[in-house]
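A structural walkthrough
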Amino acid sequence: MLEIRNLHARIAEDGTEIIRGLNLTVRAGEVAAIMGPNGSGKSTLSYILSGRDDYEVTEGEILLNGESILELNPAERASKGIFLAFQYPVEIPGVATMQFLKVAMNEQRKARGEEELTTPDFIRRVKEAAAKLQIDQAMLRRPLNVGFSGGEKKRAEILQMALLEPSLCVLDETDSGLDIDALKIVADGVNALKSPDRATIVITHYQRLLDYIIPDTVHVLYKGQIIRSGDKALAHELEANGYADIIGQAA
Amino acid sequence: MPAVQETVDQVRRIDIDQYKYGFETVIEVDKAPKGLSEDIIRFISAKKQEPEWMLEWRLDAYRRWLTMEEPTWARVEYPKIDFNDLYYYAAPKGTSGPTSIEDVDPELLRVYEKLGIPLREQEILAGVKTSRVAVDAVFDSVSVVTTFKKELQKAGVIFMSISEAIREHPDLIKQYLGSVVSTTDNYYATLNAAVFTDGSFVFVPKGVRCPMELSTYFRINEKNTGQFERTLIIAEEGAYVSYLEGCTAPQRDENQLHAAVVELVALDDAEIKYSTVQNWYPGDAQGKGGIYNFVTKRGDCRGHRSKISWTQVETGSAITWKYPSCILRGDESRGEFYSIAVSNGHQQIDSGTKMIHLGKNTSSRIISKGISAGKSNNTYRGQVSIHRRAENARNFTNCDSLLIGDRCGAHTVPYIDVKNASAQIEHEATTSKISEDQKFYAMQRGIPEEEAIALIVNGFVKDVIQELPMEFAVEAQKLIGISLEGSVG
């Protein structure tokens with residue numbers, strides 16, 4: 001599904017190198033967790049995958065289903081199936097959540113050469129997906145993310161993910177700012193989207209989220225490289241001993 | 001970054017490609033000689049078959065105009081206009097005034113068809129066009145046709161060109177013309193009083209709710225010709241009318257002048273809703289050509305509990321200088337101003353409103369949304385003035401500016417003048433940029449860059465779009481999208 005080979009990337013504005021020779025493979029159906037201390041490049045990786053132009057790839061390759069995506073802009077990548085659930089979802093004043101969803105779904109369909117959704121079909125899909133995430137109709141009429149609580153914002157992200165049906169989901173610190181009840185709703189939402197032809201990357205600082213979204217693989221990111229990979233046990237090891245040991249071994 | 005060259009190319013393409021009303025119509029015209037003089041004014045007055053008093057009114061204005069200076073306080077720059085190098089009258093041959101649709105030159109009908117303006121009542125009635133709107137079509141210096149006149153007449157509503165009204169309703173004209181914007185109000189208003197050629201006249205009698213939307217469609221076609229629109233709308237006691245004007249012009253390298261005066265009068269309990277979708281040719285990507293839109297619009301809430309509401313969507317013109325205002329004379333009268341001003345390329349906008357509170361318990365509301373892109377400059381200039389005897393006046397003002405790219409400017413210049421301590425004034429102002437975060441977020445969901453910007457901008461202007469008559473809201477939204485195409489930077 002996703003293959004990252006010897007990736008080097010820097011901040012476009014000042015040239016600071018953030019990703020330094022990163023290798024990572026995520027297979028279809030897999031849930032991969034990426035963990036690492038602050039400043040290790042976790043969020044940067046999510047932005048580079050989704051094509052934010054604040055970063056420049058200087059070396060290496062990112063392949064989605066065998067195809068390079070480096071030349072594609074964020075909208076093109078989204079239409080190819082990459083979805084990023086933001087750590088800090090952005091407010092769009094004056095644009096109702098419902099309207100935003102409709103534009104996004106139809107633009108992706110257009111890019112893939114599919115018919116636009118009819119209004120009844122669109123509404124039916126949104127209602128179904130919203131109910132599962134305990135999102136009420138009133139919230140859908142409000143401008144996107146404007147005045148949403150932390151939990152509402154994260155649920156709205158998962159709602160978009162459910163409706164856009166991506167093949168690669170990237171969750172960036174989705175647990176941040178969530179209480180345990182909200183975390184469960186969000187995790188259930190993510191788990192419900194698991195499928196053999198979809199890969200998920202869960203970026204997180206703490207292992208807490210991984211009690212609810214069980215990863216198949218765990219990768220430790222440090223100074224822009226994956227320094228260790230393992231299974232779920234690795235997350236528990238990190239939780240118990242902190243990052244210092246692993247970082248020490250890698251150095 | 002590679003994006004820069006792409007942006008430069010896109011900016012280069014704007015306006016020329018985007019302005020879809022830029023076609024020119026070749027039609028035989030009847031023109032006054034170039035230049036401005038008493039003789040030219042006599043020529044115009046004679047063409048319009050005006051009574052002597054009207055000519056005297058014009059000549060008086062002209063003499064005063066000669067002693068006046070062009071205003072320079074607005075934040076706009078342009079070379080000095082040579083007023084003797086313009087034509088002040090141009091009319092399609094054979095049209096000295098409006099006629100019935102059967103008599104209109106088919107070439108002209110095709111123009112309006114191309115512009116999407118419905119003039120054929122039968123088609124409208126048969127539901128070929130969905131909305132029923134009465135239209136006065138003004139081409140250069142004359143009104144060519146006014147639709148639904150008879151039907152409106154049945155309701156007692158007078159809707160005709162101002163030239164006709166001067167001949168047919170001299171008493172109303174004498175009573176109201178120049179009663180809101182006096183002949184000597186300002187340089188361009190005085191010029192207009194001297195040389196105005198056509199515009200619309202609306203009279204809604206006591207207690208009548210005008211049965212349909214009224215609109216005037218202004219088209220400037222002739223080269224080097226100024227268009228001097230004069231519109232007068234009167235709503236008697238308890239009357240209601242909603243009126244919309246639209247404007248377009250061909251693409252030309254020379255600048256053209258549109259100096260209009262619009263006067264609204266609302267008597268006791270009357271309401272006038274005036275909407276504008278201004279889409280004059282804005283000039284090319286280098287800032288060459290385009291319309292100078294120097295306009296004086298003012299409404300007089302003369303009666304108690306009267307209400308005047310201005311809504312404008314300004315996307316065109318090289319230069320816009322325009323401050324639709326309300327004089328809140330009657331007690332408990334209300335003035336509203338809702339504005340979306342979009343500037344791109346080299347456009348310059350200096351626009352806003354004046355709310356003059358004279359009566360007791362008067363209220364006003366100002367919502368202004370300025371959007372600047374390209375190398376344009378966009379200024380909101382507004383005044384709220386509470387006079388000594390205006391007890392318990394209230395005003396709410398909200399001015400938001402949105403910048404797209406980093407070579408444009410947004411400016412907010414509010415003047416607040418309060419002479420009565422019971423007044424309540426609120427003023428909010430924000431300036432923001434379309435953030436990279438918002439754009440990236442929308443694009444990450446699969447929305448291409450230009451659609452993402454259009455979506456964010458439409459969210460920004462939503463409060464004002466809601467104020468437009470429904471028939472025009474969708475069109476206005478599209479227009480804003482088109483005006484901003486290529487603004488990505």
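The structure we're discussing is the one just above.
Let me begin by describing the structure that accompanies this report. Keep in mind that this is a model prediction, so the values were computed, not measured.

In this section: the interface of chain A and chain B. Counting residues at the interface gives 32 residues for chain A and 19 residues for chain B. At the junction of chain A with chain B, the criterion picks out two salt bridges. Residues A:R52 and B:D437 are paired through a salt bridge, measuring 2.8 Å at the closest nitrogen-oxygen approach. Applying the counting criterion to the chain A and chain B interface returns eleven residue pairs in polar contact (both at pLDDT 80 or more).

On to empty space enclosed by the protein, then. All names here are of chain B. Tallying each qualifying case throughout the model produces five cavities of 30 Å³ or more. For the second largest cavity, the calculated volume is near 100 Å³. S368, G370, N378, T379 and Y380 are the residues nearest the centre of the second largest cavity, which is lined by 18 residues in total. Elements that contribute at least two residues to the lining of the second largest cavity include exactly β16 (334-343), β19 (363-372), β20 (377-386), β21 (394-403) and β22 (409-418). Counted by class, the lining of the second largest cavity contains five nonpolar, twelve polar and one charged residues.

This part takes up the pairing of strand β10 (residues 225-230) of chain A. For strand β9 (residues 217-222) of chain A and β10(A), the ladder comprises five bridges, and the chain directions are antiparallel. Bridging across to β10(A), A:L221 finds its partner in A:I226.

Residue and element names in this part refer to chain B. With respect to the helices and strands, R252 occurs in the loop between β9 (240-248) and β10 (255-266). Taking the C-alpha atoms as reference points, R252 and E263, eleven residues apart in sequence, are found 30 Å from one another. Residues in contact with R252, not counting those within four places in the same chain, are E24, N221, E222, K223, Y281, K288, G289 and G290.

Residue and element names in this part refer to chain A. Scanning the model with the defined rule gives 40 salt bridges over all chains in all. A salt bridge links R109 to E114, with the shortest nitrogen-to-oxygen separation between them at 4.0 Å. Taken together, the salt bridges that share partners define one network made up of D121, R124, R125 and E128.

A word on the pairing of strand β1 (residues 2-11) of chain A. Every regular strand shows the same layout, with side chains that alternate between the two sheet faces. All names here are of chain A. Of the pairings in the sheet, the one linking β1 to strand β2 (residues 17-26) comprises seven bridges and is antiparallel in character. Bridging across to β2, E3 finds its partner in T25. In this sheet, strand β4 (residues 55-64) lies alongside β1 in antiparallel orientation, the contact comprising eight bridges. Within β4, the residue paired with I11 across the bridge is Y55.

Definitions and cut-offs
Residues numbered from 1 in each chain as written. Chains lettered and ligands numbered in written order. Predicted model: local features only at pLDDT ≥ 70, side-chain atom pairs only at ≥ 80, totals over all residues. Heavy atoms only, no water. Contact = heavy atoms within 4.5 Å. Salt bridge = Lys/Arg side-chain N within 4 Å of Asp/Glu carboxyl O. Polar contact = N/O pair within 3.5 Å; in protein donor to acceptor, adjacent residues only side chain to side chain. 1 Å grid on protein atoms, 1.4 Å probe; cavity = no way out; pocket = protein on both sides within 12 Å on 5 of 7 lines; lining within 4 Å. Points joined across faces, edges and corners; volume = space filled by probe spheres on them. Helix = DSSP H or I, 4+ residues; strand = E, 2+ residues; numbered from the N terminus. Nonpolar A, V, L, I, M, F, W, Y, C, P; charged D, E, K, R; others polar. Pairing = 2+ DSSP bridges.

What is shown is where atoms sit, not what they do.
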